[in-house]
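Spelled out, the chains give:
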Amino acid sequence: MKYFLFIVLFSCSMATYAQSDQIGLRIGEPLSITYKTYIKKDISAEAMIGRGGPNSIQYYRRAFENNRPLSSAIYNSQSASNALSLNLRLAYHQNYNSEFNISEGLLLGYGGVGLQMRSVEVTYYYHTPTGSETLPVSTETRNNIDFGPEAFIGTEYLFQDLPISAFAEFGFFLELMDRLGHLKIQGGIGVRYLF
């Protein structure tokens, strides 16, 4: 009987521990699949992989102007494709059930920092001055890679009787590489399955 009781208690503690892992979908900037796990009671680690939105037209135009394929090249436009975003994050969580008189489920506020890498393939369309009225359009494709830290805040609700959490967050991404100091506002909402 002692062994049976020990196995039951051990299994319950493992089931509680296993619920610290979460996988889900984040809709926003960037759109990502997210995996989150608790490394301590109030500290989580998260990895996200997905699709980050391209930067503004002015951002890419400035990149073209600073690195023209030919000195006489004149920018026409650009298109972006194959966007990829990778995030590694740590967050501190605080329970807010008592502050909002919540009796079921768990309401958490959180804030954290992380590293983000974004990659997008940019095709530039440009022309060079000629004597003819019809200007031939040339193209050049480049990979734009951005890397830097991010900071974020958010809130998460873990449902009482369902292994599901819902979250919303807001943050900033600061480029250190490719364009030092470029700041991008980010945010998203999503759901995760707890297992």
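Sequence order sets the numbering: in each chain, residues are counted from 1 along the sequence as written. With pLDDT at 70 or above as the cut-off, local features in this predicted model cover only qualifying residues; side-chain atom pairs require 80 or more to be listed or tallied, and sums for whole chains, interfaces and linings still use all residues. Excluded from the side-chain calculation are hydrogens and water; included are all heavy atoms of the structure.

Notes on the overall build of the protein chain
Thinking step 1. Summing up its helical and strand segments, the protein chain has 2 helices and 8 strands in all.
Thinking step 2. Using a 1.4 Å probe, the Shrake-Rupley method yields the accessible areas, and only the shown protein chains count as cover for residues. Working note: accessible area of the protein chain is about 11700 Å², and carbon and sulfur atoms make up 65% of it. Numbering of helices and strands runs from the N terminus, with a helix taken as a DSSP run of H or I at least four residues long and a strand as a DSSP run of E at least two residues long.

Quick word on the sheet that holds strand S1 (residues 21-29)
Thinking step 1. Spatially, S1-S2-S3-S4-S5-S6-S7-S8 is the arrangement adopted by the 8 strands of the closed barrel, whose pairing is antiparallel. Recorded for the sheet is a direction-independent mean angle of 25° between the axes of neighbouring strands.
Thinking step 2. The pairing of strand S2 (residues 31-38) with strand S3 (residues 43-51) spans 8 bridges and is classified as antiparallel. Paired with Ile33 across the two strands is Ile49, which belongs to S3. Pairs of strands are assigned from DSSP output, requiring at least two bridges between the strands. Only C-alpha atoms enter the line fits that serve as axes; for helices the fit covers just the stretch in contact. Angles between N-to-C directions range over 0 to 180 degrees.

Observations regarding the pairing of S3
Thinking step 1. Side chains Ser44, Glu46, Met48 and Gly50 project from S3 onto a buried face, and the interleaved Ile43, Ala45, Ala47, Ile49 and Arg51 project onto a face without burial.
Thinking step 2. Turn length for the S2-S3 hairpin, with the two strands adjacent in sequence and antiparallel, is 4 residues.
Thinking step 3. Looking at chain direction, S3 and strand S4 (residues 74-95) are connected through 8 bridges and run antiparallel. Each bridged residue has a counterpart across the sheet, and for Ser44 the counterpart in S4 is Ala91. Think of it in three bands: residues with accessible area under 20% of the maximum for their type are buried, residues over 50% are exposed, and the middle band is partly exposed, with areas taken using a 1.4 Å probe on protein chains only.

A look at empty space enclosed by the protein
Thinking step 1. Definitions used throughout: a 1 Å grid over protein atoms alone; a cavity as a set of points that fits a 1.4 Å probe which cannot get out; a pocket as an open set with protein on both sides within 12 Å along at least five of seven lines; a lining residue as one with an atom within 4 Å of a point. Grid points are joined across faces, edges and corners, and a volume is the space filled by probe spheres set on the points. As enumerated under the stated definition, the model contains 3 cavities of 30 Å³ or more in all.
Thinking step 2. Here the largest cavity defines a volume of roughly 50 Å³.
Thinking step 3. Taken together, Gly52, Gly53, Pro54, Asn55, Tyr60, Ala83, Leu84, Arg118, Ser119, Val120, Asn144 and Asp146 make up the lining of the largest cavity.
Thinking step 4. Contributing elements (two or more residues each) for the lining of the largest cavity: S4, strand S5 (106-127) and strand S6 (138-158).
Thinking step 5. Take the lining of the largest cavity: its biggest share by element is 3 residues, from S5.
Thinking step 6. Any residue outside Ala, Val, Leu, Ile, Met, Phe, Trp, Tyr, Cys, Pro, Asp, Glu, Lys and Arg is labelled polar, Gly included; the first ten of those are nonpolar and the last four are charged. Grouping the amino acids of the lining of the largest cavity by side-chain chemistry returns 5 nonpolar, 5 polar and 2 charged.

Re the layout of surface pockets
Thinking step 1. Empty space within the largest pocket amounts to approximately 550 Å³.
Thinking step 2. In terms of lining, the largest pocket is formed by 20 residues, of which the most central are Tyr38, Lys41, Leu106, Leu108 and Leu158.
Thinking step 3. Listing elements by their share of the lining of the largest pocket, those giving two or more residues are S4 and S5.
Thinking step 4. Examining the composition of the lining of the largest pocket, we find that 4 residues originate from one element, S4, more than from any other.
Thinking step 5. Here the residues of the lining of the largest pocket are counted per class, giving 9 nonpolar, 9 polar and 2 charged.
Thinking step 6. If you go around the second largest pocket, the residues you meet are Tyr60, Ala63, Asn66, Asn67, Val122, Tyr124, Arg142, Asn143, Asn144, Asp178 and Arg179.
Thinking step 7. Every element with two or more residues in the lining of the second largest pocket is listed here: helix H2 (57-66), S5 and S6.
Thinking step 8. A per-class count over the lining of the second largest pocket returns 4 nonpolar, 4 polar and 3 charged.

Observations regarding the pattern of salt bridges
Thinking step 1. Salt bridge criterion: a side-chain nitrogen from Lys or Arg within 4 Å of a carboxyl oxygen from Asp or Glu. This model, assessed by the stated rule, comprises 11 salt bridges.
Thinking step 2. The partner of Glu29 in a salt bridge is Arg118, with the nearest N and O atoms 2.5 Å apart. Here Arg118 lies in strand S5 and Glu29 lies in strand S1, a separation of 89 residues in the sequence.
Thinking step 3. Among the salt bridges present, the one from Glu46 reaches Arg192, with a minimum N-O distance of 2.9 Å. Taken together, the positions of Glu46 in strand S3 and Arg192 in strand S8 (residues 183-194) put the pair 146 residues apart, joining distant regions of the chain.
Thinking step 4. Owing to a relative accessible area of 9%, Glu46 belongs among the buried residues under this scheme.
Thinking step 5. One salt-bridge network, held together by shared partners, links Arg26, Lys36, Glu46, Arg89, Glu150, Glu156, Glu169 and Arg192.

Focus on the confidence of the model for the protein chain
Thinking step 1. The predictor reports its confidence for every residue as pLDDT, a score running from 0 up to 100. Averaged over all residues, the pLDDT of the protein chain is 89; the fraction at 70 or higher stands at 88%.
Thinking step 2. Ignoring residues within four places in sequence, the model shows residues 1-18, a span with pLDDT below 50, making 1 contact including any to other chains. Two residues form a contact once any of their heavy atoms are found within 4.5 Å.

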